[in-house]
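Breakdown of the fold
Here is how the chains run, residue by residue.
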Amino acid sequence: MSNKIDTACINTIRMLAVDAVEQARSGHPGMPMGAAPMAYVVWTRFIRQNPTDPKWFNRDRFVLSAGHGSMLLYAILHLLGYEVSLDEIKAFRQWDSRTPGHPEYELTPGVETTTGPLGQGFANGVGMAIAEKHLAARFNRNRHRVIDHNTYGIVSDGDLMEGISHEAAALAGHLGLGKLVYLWDDNRITIDGSTRLTFTEDVCARFEAYGWQVLHVEDGNDTDAIERAIASARVCADKPTLIRVQTTIGYGSPNKANTADAHGAPLGADEVVRTKRELNWPEQPAFCIPSEVLDYMDSKKQGVQTQRVWEEEVARFRVSHPELGAELDAQLRGDLPGKWEDTLPDFTLDAAMATRAASGKVLSRILKAVPSMIGGSADLTGSNKTRGSSQDDFQRNVPSGSYLRFGVREHGMAAICSGIALHGGLRPYCGTFLVFSDYMRPAIRLSAIMRLPVIFVFTHDSIGTGEDGPTHQGVEHVMSLRAIPNLVVIRPADGNETKRAWQVAMKCTSGPTALVLTRQGVPMITKNPDGLERGAYTLIKETGPELDIILIGTGSELQYAVEAAGILAADGISVRVVSMPSWELFAIQPEEYQHEVLPPLARRRVTIEAGVSLGWERYAGAGGAIIGMDRFGASAPGRVLFEQFGFTAARVVHEARAVIRA
């Protein structure tokens, strides 16, 4: 059981959370009050860290998947010596503070991932453990263990209800991620009340079926039992571990402990006083931190020493294995190898090819040239063209492989890739059909919030998917992806634009990229699409002195704009064709360039994209026409659907003439 100093530290964590929530008049005090002992044990007795360098690469990772309990983490980080000041804790949930309502990556030192939407952190941690296992297999040699750390997390009842946690847990068990340890804060309370209302399955049996080691701590205040369980988890090399810790939400609160009232609202001034009395804690001042607690928990000195030992080991590794050492250093910096772009294929104008096929050819070359690449598909490898000829599968006994078989787990796949990106040292990508991006949306959104350089490969991008019918034809999905801030969406028109799109994606380190690709073959209509990186560019320039009309196309529909331009030009109409594969890239260009491509006074425009028309009024303008798809598709060959729904050169010509006459 806890000794005197342990009790003082744990109660300090509890009451910092209580006082911060009370001062903010919002927040979640109950989870930190109940989970403080397990968090204290894992952070002070197991996690290798350096508060003076929160990004030290070989640190253990900690994921608070139950992100609503953020004050638990902020309190611990402050006490350990991270740059989370007491003033920041007093500013909990306030404007411009580093202690937001849910943990945010890159905002608060020591926070490894943005959490709050339940289940996301669970899957992020699986990605971190995959990254560690892969890098260790590639770089550790004999006695040199330069990559050797664990991923810990605290997950809640709610996390384990969410479907994404099932997806990620099943894959983690299959892969035998032995350095993944999750402590389950089993307080048996949700917002609606007792978990008896909805959550009555045998969770431990479920995780055992997934291939996890499952341990049990009956008393969430028994720090020795928690320590023994974590120690047992650390020696289990071939299975991830779930430790069920039975806790009391709102522990110490006489009237709100073990009730839903403790979950998501301040205790109230009177109950705070009662709680402090119950825990033998000073009623005043608020935010009390005993000096002995600060002295005992401060980890800066030990952290510096731990990191120094690792750095000395890495130095010896570089001497023994100079080439590997240089490669490791480059990957940890996130560098791309020199001349990697020189290896990419060119596509001739006389070849027709699906952009997914072109993507596969480009990606295969990238995978050979860029050793930090790792990724896979949600059971659609052959369709997405995401596996390179040089790749081995990442499996339990082949962790050096860089191809991930995610299975039919799109949501888990996206969040796992975010976890890989968060870990560092690797560049993740993943693929599925565009229509299934709906399953991934919460994880894509968090990737965009965190500005992670994940590459999402979405194939089968429109009604061109054909016979599979409207269930698999993503008519609304491109526009919905464009609505996500920080996500760059690129819908290339042919093989050469696809090659350029991959180059842009690989260089984009400030956020995720979505490549939207065709199932069906498309003609090669661009040669050197240098303007793709600027989002839009003039593909065919008007020949007449006056510009009569601009045709704007994306993806597979750009071909119809090109064909229509030839017909219109033969009739003496001065026409410009603009390829616009990426709204996001175009939007960040200087106004001068935007006006060069789309002159403000050139108001006669036709846009064409086999997706919803919503949003295209931005570029068509009041005097223009929009050729879009404002209904669901049908089951038929793709070429038939394009004809039946009016995606043809003849339709573009018709709309262009109508705009000119108007």
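Treat the numbers as computed from the prediction; the structure is a model and nothing was measured.

Re the overall build of the protein
Tallying secondary structure elements over the protein gives 25 helices and 20 strands in all. Relative to the 2.2 N^0.38 estimate, which gives 26 Å for 662 residues, the radius of gyration of the protein is 28 Å and therefore close to what a compact globule would have. Across its three principal directions, the C-alpha atoms of the protein cover 90 × 60 × 45 Å. Burial statistics for the protein: of 662 residues in total, 62% are counted as buried. Partitioning the intrachain contacts of the protein with sequence separation of at least 6 by distance along the chain shows that 77% fall at a separation of at least 24.

A look at the pattern of salt bridges
Applying the stated criterion across every chain yields a total of 35 salt bridges. Residue Glu313 pairs with Arg316 through a salt bridge whose shortest N-O separation is 2.8 Å. With Glu313 and Arg316 both in helix α12 (residues 300–320) and three residues apart, the pair spans about one turn of that helix. On the basis of relative accessible area, Glu313 is assigned to the buried category, the value being 14%. For Glu542, the salt bridge identified is with Arg576, shortest N-O distance 2.8 Å. Of the two residues, Glu542 is situated in the loop between β16 (537–540) and β17 (549–553) and Arg576 in strand β18 (residues 575–579); the sequence distance between them amounts to 34 residues. Across this residue pair, the class does not change: Glu542 and Arg576 are buried. Through salt bridges with shared partners, a single network forms among Asp461, Arg482, Arg491, Glu557 and Glu609.

As for the layout of surface pockets
Reported here for the largest pocket is a volume of approximately 680 Å³. In terms of lining residues, the largest pocket is bounded by 31 residues, among which Leu332, Arg333, Gly334, Gly424 and Gly425 are the most central. The element that contributes the greatest number of residues to the lining of the largest pocket is helix α13 (residues 322–333), accounting for five residues. Partitioned by chemical class, the residues of the lining of the largest pocket number 14 nonpolar, seven polar and ten charged.

So, empty space enclosed by the protein
All told, the structure shown has three cavities of 30 Å³ or more when counted by the stated rule. When its volume is computed, the largest cavity comes out at roughly 70 Å³. Trp43, Ile47, Arg48, Gln49, Asn50, Pro54, Arg59, Asp60, Phe62, Tyr82, Gly110 and Glu112 together form the lining of the largest cavity. Residue classes in the lining of the largest cavity are distributed as five nonpolar, three polar and four charged.

Re the sheet that holds β18
Taken in spatial order, the five strands line up as β16-β18-β17-β19-β20 in an open sheet, and their pairing is mixed. The strands lining the two open edges of the sheet, one partner per strand, are β16 and β20 (625–627). The mean inter-strand angle of the sheet, taken between neighbouring strand axes irrespective of direction, is 25 degrees. Pairing of β17 with β18 involves five bridges; the strand directions are parallel. Considered in β18, the bridge of Leu551 is made with Val577.

Observations regarding α13
The end-to-end C-alpha distance of α13, which contains twelve residues, comes to 16 Å, matching closely the 16 Å that a straight helix rising 1.5 Å per residue would cover. Listed as buried for α13 are Leu324, Gly325, Leu328, Asp329 and Gln331. All buried residues of α13 fall inside an arc of 165 degrees around its axis, so they share one side. Of the exposed residues in α13, the ones pointing more than 90 degrees away from its buried face are Pro322, Glu323 and Arg333.

Looking at the packing of helix α1 (residues 4–24) against helix α3 (residues 70–80)
Contact geometry of α1 with α3 gives a least axis separation of 9 Å together with a crossing angle of 125 degrees. When the axis of α1 is compared with that of α3, the two are oblique. As α1 packs across α3, the resulting crossing turns out to be right-handed. Residue-level contacts link Thr12, Ile13, Leu16, Ala17 and Ala20 of α1 to Met71, Leu72, Ala75, Ile76 and Leu79 of α3. For the contact of α1 with α3, the per-class residue count stands at nine nonpolar, one polar and no charged.

Quick word on the packing of helix α16 (residues 410–423) against helix α17 (residues 437–449)
Axis separation between α16 and α17 bottoms out at 7 Å; the angle between their running directions is 15 degrees. When the axis of α16 is compared with that of α17, the two are roughly parallel. When you trace α16 past α17, the crossing you get is right-handed. Residues Glu410, His411, Met413, Ala414, Ala415 and Ser418 of α16 touch α17, and the partners they reach there are Tyr439, Met440, Pro442, Ala443 and Ser447. The residue makeup of the contact of α16 with α17, split by class, is seven nonpolar, three polar and one charged.

Conventions and cut-offs
- Residues numbered from 1 in each chain as written.
- Predicted model: local features only at pLDDT ≥ 70, side-chain atom pairs only at ≥ 80, totals over all residues.
- Heavy atoms only, no water.
- Helix = DSSP H or I, 4+ residues; strand = E, 2+ residues; numbered from the N terminus.
- Rg over C-alpha atoms; globule rule 2.2 N^0.38 Å.
- Buried < 20%, exposed > 50% of the residue type's maximum accessible area, 1.4 Å probe, protein only.
- Contact = heavy atoms within 4.5 Å.
- Salt bridge = Lys/Arg side-chain N within 4 Å of Asp/Glu carboxyl O.
- 1 Å grid on protein atoms, 1.4 Å probe; cavity = no way out; pocket = protein on both sides within 12 Å on 5 of 7 lines; lining within 4 Å.
- Points joined across faces, edges and corners; volume = space filled by probe spheres on them.
- Nonpolar A, V, L, I, M, F, W, Y, C, P; charged D, E, K, R; others polar.
- Pairing = 2+ DSSP bridges.
- Axes fitted to C-alpha atoms, helices over the stretch in contact; angles between N-to-C directions.
- Expected span 1.5 Å × (residues − 1).
- Arc of directions from axis to C-beta.
- Parallel < 35°, antiparallel > 145°, perpendicular 65-115°, else oblique.
- Left-handed = near helix turned anticlockwise from the far one by under 90°.

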